[in-house]
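Below, each chain spelled out in residue letters.
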Amino acid sequence: MVAYLDAAATTRVAPQVAEVVLHWMGEDFGNAGSRTHEYGARAKKAVARARESLAHTLAAGPDELIFTSGATESNNIAILGLAPHGEKHNRRHIISSAIEHKAVLEPLEHLQARGFEIDLVEPGPSGRVTVEAVRERLRPDTLLVSLMHVNNETGVIQPVAELAAHLRTTSTFFHVDAAQGFAKLSDDLRGPIDLVSFSGHKIGAPKGVGGLLVRRRGRDTVPLTPLMYGGGQERKLRPGTLPVPLIMGLSKAVELFESERDKWFAEAADFRTRLLAELDETRFHLHGDQDYVVPHIINLSFDGVDAEALILQLKNCVAVATGSACTSASYTPSHVLAAMGLPQAEASNGLRLSWFPDQAEELDLNDFISIIRDYQAGVA
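Since the structure is predicted, the reported quantities are computational estimates derived from the model, not experimental observations.

### Quick notes on the overall build of the chain
Step number 1: Helix and strand content of the chain: 15 helices and 12 strands.
Step number 2: Taken against the 2.2 N^0.38 rule, which gives 21 Å for 380 residues, the C-alpha radius of gyration of the chain at 21 Å falls within 12% of a compact globule.
Step number 3: The long-range fraction of contacts in the chain, counting pairs at least 24 apart against all pairs at least 6 apart in sequence, stands at 73%.
Step number 4: Here the chain displays about 16,000 Å² of accessible surface, and carbon together with sulfur accounts for 51% of that area.
Step number 5: In the chain, which carries 37 positive and 48 negative side-chain charges, the distance between the mean positions of the two groups comes to 10 Å.

### Observations regarding the pattern of salt bridges
Step number 1: Summed over all chains, the structure comprises 19 salt bridges.
Step number 2: The closest approach of N and O atoms between Arg238 and Glu73, which form a salt bridge, is 2.7 Å. Taken together, the residues Arg238 in the loop between strand E8 (210-214) and helix H9 (244-259) and Glu73 in helix H3 (residues 71-80) connect sequence positions 165 residues apart.
Step number 3: Residue Arg137 is joined to Asp119 by a salt bridge in which the shortest nitrogen-to-oxygen separation is 3.4 Å. Note that Arg137 is positioned in helix H6 (residues 131-137) and Asp119 in strand E4 (residues 117-121), a separation of 18 residues in sequence.

### Description of H3
Step number 1: Along H3, 8 of the 10 residues are buried, which leaves the element largely enclosed by surrounding structure.
Step number 2: Within H3, the full set of buried residues consists of Ala71, Glu73, Ser74, Asn75, Ile77, Ala78, Ile79 and Leu80.

### Remarks on the packing of helix H1 (residues 15-26) against H9
Step number 1: In the contact formed by H1 and H9, the axes pass within 8 Å of each other and the chain directions differ by 155°. On the basis of the axis angle, H1 is roughly antiparallel to H9. H9 is crossed by H1, and the crossing has right-handed handedness. Along the contact surface, H1 presents Gln16, Val17, Val20, Val21, Trp24 and Met25, while H9 presents Val244, Pro245, Met248, Gly249, Lys252, Ala253 and Leu256.

### Side note on the pairing of strand E6 (residues 173-177)
One face of the sheet, then the other: side chains in a regular strand alternate in exactly this way.
Step number 1: For E6, the tally of buried residues reaches 5 of 5 residues, placing the bulk of the element in the interior.
Step number 2: Burial of E6 is two-sided: the residues Phe173, His175 and Asp177 facing one way and the residues Phe174 and Val176 facing the other way are all buried.
Step number 3: By the bridge criterion, 3 bridges tie strand E5 (residues 142-146) to E6 in an arrangement that is parallel. Pairing of Ser146 across the sheet is with His175, part of E6.
Step number 4: Each parallel crossover has a hand, and for E5 linked through helix H7 (residues 160-167) to E6 it is right-handed.
Step number 5: The pairing of E6 with strand E7 (residues 195-199) spans 3 bridges and is classified as parallel. Across the sheet, Asp177 pairs through a bridge with Ser197, a residue of E7.

### Observations concerning the nonpolar core
Step number 1: In this structure, Phe174 and Phe368 are the most contacted members of the largest nonpolar core, which totals 81 residues.
Step number 2: The dominant element in this core, judged by the number of residues it contributes, is H9, at 9 residues.
Step number 3: Look past the residues within four positions of Phe174 in its chain and what remains in contact with it is Leu144, Val145, Leu147, Val160, Leu163, Ala164, Leu167, Ile193, Asp194 and Leu195.
Step number 4: Counting 22 residues, the second-largest nonpolar core is a separate cluster that includes Ile66, Ile118, Leu144 and Leu224.

### Quick look at the pairing of E5
Step number 1: Within E5, 5 of the 5 residues are buried, which leaves the element mostly enclosed by the surrounding structure.
Step number 2: Relative to E5, strand E3 (residues 93-97) runs parallel, the two being bridged by 3 bridges. Residue Ile94 lies in a different strand from E5, and its bridge partner there is Leu144.

The rules we used
- Here the residue index of a chain counts from 1 through its sequence in written order.
- Where local features are concerned, this predicted model is filtered to residues with pLDDT of at least 70; where side-chain atom pairs are given and counted, the filter is 80 or more; whole-chain, interface and lining totals use all residues.
- Note: side-chain values were computed over all heavy atoms of the structure, leaving out hydrogens and water.
- The numbering of helices and of strands both runs from the N terminus, where a helix is a DSSP run of H or I of at least 4 residues and a strand a run of E of at least 2.
- With C-alpha atoms as the basis for the radius of gyration, the globule rule is written as 2.2 Å multiplied by the number of residues raised to the power 0.38.
- Two residues qualify as a contact provided that any one of their heavy atoms is within 4.5 Å of a heavy atom in the partner residue.
- Residue burial considers only the protein chains on display, and all accessible areas are found by Shrake-Rupley using a 1.4 Å probe.
- Working convention for charge: Lys and Arg count positive, Asp and Glu count negative, and His plus the chain ends are omitted.
- To locate a charge, the coordinates of NZ of Lys, CZ of Arg, CG of Asp or CD of Glu are taken.
- For this document, the term salt bridge refers to a Lys or Arg side-chain nitrogen within 4 Å of an Asp or Glu carboxyl oxygen.
- Burial classes: relative accessible area under 20% of the type maximum marks a residue as buried, over 50% as exposed, and values in between as partly exposed (1.4 Å probe, protein chains only).
- Between the N-to-C directions of two axes lies an angle of 0 to 180 degrees, each axis being a line fitted to C-alpha atoms and, for a helix, fitted only over the stretch in contact.
- Under this scheme an angle from 65 to 115 degrees is roughly perpendicular, one under 35 degrees roughly parallel, and one over 145 degrees roughly antiparallel; angles in between are oblique.
- Working rule for handedness: look at the near helix, and if it is turned counterclockwise from the far one by less than a right angle, call the crossing left-handed; if clockwise, right-handed.
- Strands were regarded as paired on the criterion that DSSP finds at least two bridges between them.
- A crossover gets the label right-handed when its path from the first strand over the helix to the second runs clockwise, viewed with the strands pointing away from the viewer.
- What makes a nonpolar core is a set of buried Ala, Val, Leu, Ile, Met, Phe, Trp, Tyr and Cys residues whose side-chain atoms join them at distances within 4.5 Å.

By themselves, these observations are geometric and do not establish any function.
Next up, the structure:
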């Protein structure tokens, strides 16, 4: 059996979650927008409960959470949706980082073509953007700071809570792409962050559902303009029939994850310790500041080894990736590792190992290490 160590790309849907999804597909299948019968009423009430529960995990009110198809859509609504406000008030400066996911970088490129000034901070070898680097770039016309919570390639945690506390005293809005940190590091996201994007499929929920938290500042809300129109659902920011089965699956997945989070972290960290101990038999470099990483993601390169060729050697043993699922097919050096200033050989050959503890235990560590060691010896 091939073990799965690509959980940063997606996770297996938890069996309890699948049961919930199937229930709302086959039994309580009503449209939450239908107001004339009990099927619709049950769906509407269920979505309301799910919204309240999910908002509570972010220390927010249910009216501050909208459902989307996932973090990519949420990022687009947050970033592109602010553009008209920036244009109206002549605030066209945006600060982000060079290690963001393409779901942030590409909307920013679009705004740059519209005349916005995009200021990308490079984190250096640590892979961690500093609060000071962002503060130094703030200007009176800075509309937005967008910084990811946990880097999807290196697992390095960014200082979003500290940055949020500072930005709350300014007129600059703060957006966090929390695709990798949502439910795992919830405390970081409960602070005064204006916009939080997240997906469900990183924590055992189905693909195709996530959310955008639009947190108020006192009585004021973030002045977003919708990207689509039709139906008026989700505070008129995201129209369309609500996918009730997916929403209920997302809510169940977060409930399960939160109930087992301490155990999950301990087991993920234990596997990391054992994995790194076994890897001592090989010659490798870890990427990113290991004092600020989540326990379930490792990014490394092996001396003298082409990462793509190594993945082929490992294909009957373990499923791993060279980086983001959205960009790993391009076979180009990781933009994240390049932005960290790593040598070309390392930036071009980063290997990401990411896991949920239950699936990590399916890996035959002896076989895994033997393949790497033998391949490394063969190319030496």
